[in-house]
Amino acid sequence: MSLYRDEGVVLRTQKLGEADRIVTILARRTGKIRAVAKGVRRTTSRFGARLEPFTHVDLQLHTGRTLDVVTQAETIRPYGEALAADYPRYTAGTAMLETADRLTHGEKEPALRQFLLLVGGLRTLADRGHEARLVLDAYFLRSLAVAGYAPALEACAKCQAPAIRAFAIVAGGVVCGACKPAGAAVPAGETIGLMTALLRGDWATADASEQRHRSECSGLVAAYLQWHLEHGIRSLRHVEREPV
Ligand SMILES: [Zn+2]
């Protein structure tokens, strides 16, 4: 039995037996961990609410044969408390946890940049300095970029031409008139400008954007994320089936 320490954000939990839970954590050094928290559903649990989703915790675990076991947990910051009272922020946070889970495939594969993006995104949401949907869209764009799916926003995704005409999810971002597939969205230039600002962390530009461009941006980002998550999971299954 070996002990290790790490810090992480609780992504989700599921019941195990009478009183235990399996806790899924995105940890700074280890990557994604699924671990058993024994007795956590008893009112007398020494873990209290520290292993609930959204909580940034400092953990000690011991390595098990199948699942590791949480032996200590100390709260670093309970983002759940800050978000619970504000429904748009809570739902944005929930979408971040789910996306972090989906974009980190293997267990114990280090994913430091995804961890840092998630902690930064939850902190920005909880601090209430920017609209929840902008924070969420910035998180989606950056976590997709870290996963290797950054959308092209400055030149045509297919031929690199600088004159942009439309946004085509399957092509990987903005496209020129010649490359534009039928049915591709034709967003306002300001909407593409907002996506660029969110991807770069340019909050001055993002906060000054108009509501209609924010709505258009959210629709495109959500569709782009959805397409890549489905595509990503399909490719992963394909890789796992290949003989080693
Ligand atoms: Zn083109």
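Relevant structure appears above.
As the structure is a prediction and not an experimental result, all values here were calculated from the model.

Moving on, we get to the overall build of the protein. Within the protein one finds seven helices and seven strands. Shown N-terminal to C-terminal, the secondary structure of the protein runs as helices and strands in the order β-β-β-β-β-α-α-α-α-β-β-α-α-α. With the principal axes as the frame, the protein shows a C-alpha extent of 60 × 50 × 25 Å. Classification of the 244 residues of the protein by burial places 46% in the buried group. A separation of at least 24 residues holds for 55% of the contacts in the protein among residues at least 6 apart in sequence. As displayed, the protein has an accessible area near 12,300 Å², and 51% of this comes from carbon and sulfur atoms. Of the side chains in the protein, 32 bear a positive and 26 a negative charge, and the two mean positions are spaced by 3 Å.

All right, on to the coordination of the zinc ion then. Donor atoms from the polypeptide that bind the zinc ion are C156 (SG), C159 (SG), C176 (SG) and C179 (SG), placed at 2.3 Å. Given four donor atoms and angles of 103 to 117° at the metal, the environment of the zinc ion is assigned as tetrahedral. One chain supplies every donor for the zinc ion, spaced along it as C-x2-C-x16-C-x2-C. In this pair, C159 is assigned in the loop between helix 4 (132-146) and strand 6 (166-168) and C176 in the loop between strand 7 (173-175) and helix 5 (189-200), connecting sequence segments 17 residues apart.

All told, the structure shown has three aromatic pairs when counted by the stated rule. Measuring from ring centre to ring centre gives 6.4 Å for Y139 and F140, while their planes differ by 55°; the resulting arrangement is tilted. Just as Y139 is buried, F140 falls in that class too. With a centroid separation of 6.0 Å and 65° between ring planes, the pair formed by F167 and Y224 is classed as edge-to-face. Note that F167 is positioned in strand 6 and Y224 in helix 7 (residues 211-241), a separation of 57 residues in sequence.

The next thing to look at is the pattern of salt bridges. Overall, the coordinates contain 15 salt bridges when judged by the stated rule. Between E52 and R21 there is a salt bridge, and its shortest N-O distance comes to 3.4 Å. Taken together, the positions of E52 in the loop between strand 3 (31-37) and strand 4 (55-62) and R21 in strand 2 (residues 20-27) put the pair 31 residues apart, joining distant regions of the chain. Classification of R21 by relative accessible area gives buried; the value is 18%. With a closest N to O distance of 3.1 Å, D127 and R77 form a salt bridge. Of this pair, D127 sits in helix 3 (residues 112-127) while R77 sits in strand 5 (residues 68-78); the two residues are 50 residues apart in sequence, bridging distant segments of the chain. Linked through salt bridges whose partners overlap, the residues forming this network are R12, K32 and D101.

Backbone geometry at K108 places phi at a positive 55°, although glycine is not the residue there. The topology assignment puts K108 in the loop between helix 2 (87-103) and helix 3. The class of K108 is partly exposed, set by a relative accessible area of 39%. The phi dihedral of R128 falls on the positive side, at around 60°, and the residue is not glycine. Of note, R128 is situated in the loop between helix 3 and helix 4.

Let us look at the packing of helix 2 against helix 3. Running from N to C, helix 2 and helix 3 cross one another at 180°; their axes reach a closest spacing of 10 Å. Judged by the inter-axis angle, helix 2 sits roughly antiparallel to helix 3. Residue-level inspection shows R89, A92, G93, M96, L97, A100 and L103 of helix 2 in contact with helix 3, the latter providing Q114, L118, G121, L122, T124 and L125. Class assignment for the residues of the contact of helix 2 with helix 3 results in eight nonpolar, four polar and one charged.

Procedures and definitions
Residues numbered from 1 in each chain as written. Predicted model: local features only at pLDDT ≥ 70, side-chain atom pairs only at ≥ 80, totals over all residues. Heavy atoms only, no water. Helix = DSSP H or I, 4+ residues; strand = E, 2+ residues; numbered from the N terminus. Buried < 20%, exposed > 50% of the residue type's maximum accessible area, 1.4 Å probe, protein only. Contact = heavy atoms within 4.5 Å. Areas by Shrake-Rupley, 256 points an atom, 1.4 Å probe, with all protein chains shown as cover. Lys, Arg positive; Asp, Glu negative; His and termini not counted. Charge placed at Lys NZ, Arg CZ, Asp CG, Glu CD. Donors = N, O, S within 2.8 Å, 3.2 Å for Na, K, Ca; no water. Tetrahedral: all angles 85-135°; square planar, octahedral: opposite > 155°, others 65-115°. Phe/Tyr/Trp six-rings, centres within 6.5 Å; stacked < 30°, edge-to-face > 60°. Salt bridge = Lys/Arg side-chain N within 4 Å of Asp/Glu carboxyl O. Axes fitted to C-alpha atoms, helices over the stretch in contact; angles between N-to-C directions. Parallel < 35°, antiparallel > 145°, perpendicular 65-115°, else oblique. Nonpolar A, V, L, I, M, F, W, Y, C, P; charged D, E, K, R; others polar.

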